[in-house]
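Descriptive structure summary
Each chain, letter by letter, is given below.
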Amino acid sequence: MKEKKIPDEFDFENVSVECGLDENLRNIKNILGNTSDLLISPITICGVRAAVVCFEGMVSGLSTAHMVVRPLMGISIPDCTGEKLFAHIRDNMILSVDTAVKDIYGDIIRMLMSGFAAVFVDTQPRAICCGIQGYDKRGVEEPSSEGNIRGSHEGFVETVRTNMSLVRRRMKTPLLRFELFPISPRSNTDVIVCYMSDRVPAAMVRSIKKKLKSIELETILGSGYVEPFLAGRKPSVFSGLSITERPDVMCAKLLEGRVGIMIEGTPFAIIVPAMFTEHFQTLDDYNFRPFYAVFLRYIRYTAFFLSVFFPGIYVAAALFHPEMFNSRLLLNLAAAQESAPLNLMWEALITLIFYEIIREAGVRLPQSVGGAVSIVGGLIIGDAAVSAGIISNPMLLICAISVTASFVIPSLDQQVTIFRIAAVIIGGLSGLFGIALLSAFMLANICAAENYGLPVMAPISPFSRKAMGDVAVRLGFRRMGKRGFTVEKLNGADMETAAERELEREDDE
């Protein structure tokens, strides 16, 4: 048989496997450029030539020997041919629980790169792929970005199959669906779309899958690569998506009718769609007594206000509305400001930007050095700046309170940082009138945002009285369990219609 020519690295996606073993092995080597980590083990079974192909470091060597090579060498078939041998391996042997027969080079290559071993048999134009993954991976550890006191201490890892099992352990229902497929033409990154089949509109699932499969980025190295393709079409500072590192949070969102997206190589899952009020909820709210959970929730609301507006309000009041301070406080502030050479607005900007520099240095440096950066930046340099009269004590205190308050809601850190600096600039130029305009702009931006028919500001706008039982307060489980809440029941939410419109728009494009 004439050998099919494979002209370049992309044509193999739809090229069928050859019948001859030598041609197949030669084509595999050509496609992969004879890469050093490709392992090919020729064997002879009952007089028929075969080969086991895998990638070094992607499979377990011990499992390959015991689960694949040894059973194959023990086969005994009278008058064996390639067709009989292939049929015997496919129908009568379990080399792995995860086994598939593939006849396209592109499918085989993707499975090899996902930790499978491929068994080729001479004269057979297909291969048996066995899942014997053995690549190194991080163990399940406590989430780094979503700490809690009484909840689970398991967090997602970089391997999507492990993440899938973490969700399945908590949701033992046949209605839970996982759909795994590759995205990105070069990296073929595995992505899992996770949802409850009875709570999510089918059109929404189809739209999300279509958007993911249409991503044309050369590689996907994190959840941030995918978020822009799933966010709403209207530009907004506040996203209609949320990110979680916790499988228990993912399960709670799935029960509310959301869709979860887990990506190979990142421990952060994407939840579609999301609401703004969820940034102020934590898992511990549902482990504590309701009265204490309500107290903590309003602490977070207060912290959000302080983190965004406190420095801006202080600058606006001191420059344009000094009558807001009582006489003693005003004299103290004036005395502290007298020695500072800069305008209050510039003081605040320098302090906040200096903090961002310190934080960025602490994040990027090794952990052993990061603590020293915080000490040097926060204590030594800060104290020296106050002693030198560059920054006044009240301004340093107010900025410190604002920055500390932002730690309470880490999921909104990006938006808080930008709006805090904007509040200082606007407050320093136009006083409290400018702060009021900024507040109106921020509210309008949140209220205008939506994703898949769910308003980001729901259930506050549009108002849903029943759903406010988990926003304004935290009801007890006896009352919450009777509601059967899903986000599609919120006022103003029309997820099925929005998903159908998205599908029509994508078809037109």
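The rules behind each value
- Residues numbered from 1 in each chain as written.
- Predicted model: local features only at pLDDT ≥ 70, side-chain atom pairs only at ≥ 80, totals over all residues.
- Heavy atoms only, no water.
- Pairing = 2+ DSSP bridges.
- Helix = DSSP H or I, 4+ residues; strand = E, 2+ residues; numbered from the N terminus.
- Axes fitted to C-alpha atoms, helices over the stretch in contact; angles between N-to-C directions.
- Contact = heavy atoms within 4.5 Å.
- Buried < 20%, exposed > 50% of the residue type's maximum accessible area, 1.4 Å probe, protein only.
- Lys, Arg positive; Asp, Glu negative; His and termini not counted.
- Salt bridge = Lys/Arg side-chain N within 4 Å of Asp/Glu carboxyl O.
- Phe/Tyr/Trp six-rings, centres within 6.5 Å; stacked < 30°, edge-to-face > 60°.
- 1 Å grid on protein atoms, 1.4 Å probe; cavity = no way out; pocket = protein on both sides within 12 Å on 5 of 7 lines; lining within 4 Å.
- Points joined across faces, edges and corners; volume = space filled by probe spheres on them.
- Patch = residues over 30% accessible without salt bridge, like charges linked within 9 Å, V, L, I, M, F, W, Y side chains within 5 Å.
- Areas by Shrake-Rupley, 256 points an atom, 1.4 Å probe, with all protein chains shown as cover.
- Charge placed at Lys NZ, Arg CZ, Asp CG, Glu CD.

1. Focus: the sheet that holds strand 4 (residues 116–121)
In spatial order, the strands read 1-2-4-5-3; together these five strands make up an open sheet with antiparallel pairing. What marks the edges here is a single partner per strand, and that holds for strand 1 (38–45) and strand 3 (99–102). In this sheet, neighbouring strand axes are inclined to one another by 25° on average, regardless of whether the strands run parallel or antiparallel. By the bridge criterion, four bridges tie strand 2 (residues 48–55) to strand 4 in an arrangement that is antiparallel. Among the inter-strand pairings, valine 52 is bridged to a residue of strand 4, identified as valine 119. Strand contacts of helix 1 (residues 21–31): strand 1, strand 2 and strand 4, with the helix running at about 15° to strand 2, the strand carrying the most contacts.

2. Some remarks on the side chain of aspartate 190
Positionally, aspartate 190 belongs in strand 7 (residues 189–196). Buried and without a salt bridge, aspartate 190 has arginine 161 as its closest oppositely charged side chain, separated by 4.9 Å. Discounting residues that sit within four places of it in the chain, aspartate 190 has contacts with Ser114, Val160, Leu180, Phe181, Pro182, Met262, Ile263 and Glu264.

3. So, the pairing of strand 1
Within a regular beta strand, the side chains point alternately toward one face of the sheet and then the other, so they alternate between its two faces. Across eight bridges, strand 1 lies against strand 2 in antiparallel orientation. Residue leucine 38 lies in a different strand from strand 2, and its bridge partner there is phenylalanine 55. Where strand 1 hands over to strand 2, the hairpin turn is made up of two residues, of which cysteine 46 adopts a positive phi near 55°.

4. Structural notes on the environment of arginine 26
Within the secondary structure, arginine 26 is located in helix 1. C-alpha of arginine 26 to C-alpha of arginine 258: the two residues are 232 residues apart in sequence and 46 Å apart in space.

5. Re the packing of aromatic side chains
Aromatic rings in a pair are described by how distant their centres are and how their planes are angled relative to each other. Going through the model one piece at a time under the given rule, you end up with 13 aromatic pairs. With 5.8 Å between their ring centres and 70° between their planes, phenylalanine 276 and phenylalanine 304 make a pair best called edge-to-face. With phenylalanine 276 in the loop between strand 10 (269–272) and helix 9 (290–320) and phenylalanine 304 in helix 9, this residue pair connects regions lying 28 residues apart in the sequence. Ring geometry for phenylalanine 288 versus tyrosine 292: centroids 5.4 Å apart, planes at 70°, classification edge-to-face. The class of phenylalanine 288 is buried, set by a relative accessible area of 15%.

6. Regarding empty space enclosed by the protein
The gaps of empty space that remain are located by a probe, the size of a water molecule, rolled over the atoms. In the structure shown here, the tally under the stated rule is one cavity of 30 Å³ or more. What the largest cavity holds in volume is close to 40 Å³. Surrounding the largest cavity, Phe238, Ser239, Leu241, Ala274, Met275, Phe276, His279 and Val456 form its lining.

7. What to know about a negative patch on the surface
On the surface, Glu488, Asp494, Glu496, Glu500, Glu504 and Asp508 cluster together to form a negatively charged patch. Along the polypeptide, glutamate 496 turns up in helix 16 (residues 495–508). A relative accessible area of 40% means that glutamate 496 is categorised as partly exposed.

8. Quick word on the pattern of salt bridges
Per the stated rule, a full pass over the model turns up 24 salt bridges. With a closest N to O distance of 3.3 Å, glutamate 141 and arginine 138 form a salt bridge. A salt bridge links arginine 359 to aspartate 413; its shortest N-O distance comes to 2.8 Å. Here the residue arginine 359 occupies a position in helix 11 (residues 344–364), and aspartate 413 occupies one in helix 14 (residues 413–448), the gap between them amounting to 54 residues. Accessibility expressed as a relative area gives 24% for arginine 359, which makes it partly exposed. A network of salt bridges, in which partner residues are shared, links Lys253, Glu256, Arg258 and Glu278.

9. Here's the deal with unusual backbone geometry
A cis geometry characterises the amide bond from valine 272 onward to proline 273, with omega recorded as -15°. Here proline 273 is to be found in the loop between strand 10 and helix 9. Residue proline 459 follows alanine 458 across a cis peptide bond; omega there is 5°. Secondary-structure assignment places proline 459 in the loop between strand 12 (454–455) and helix 15 (477–480).

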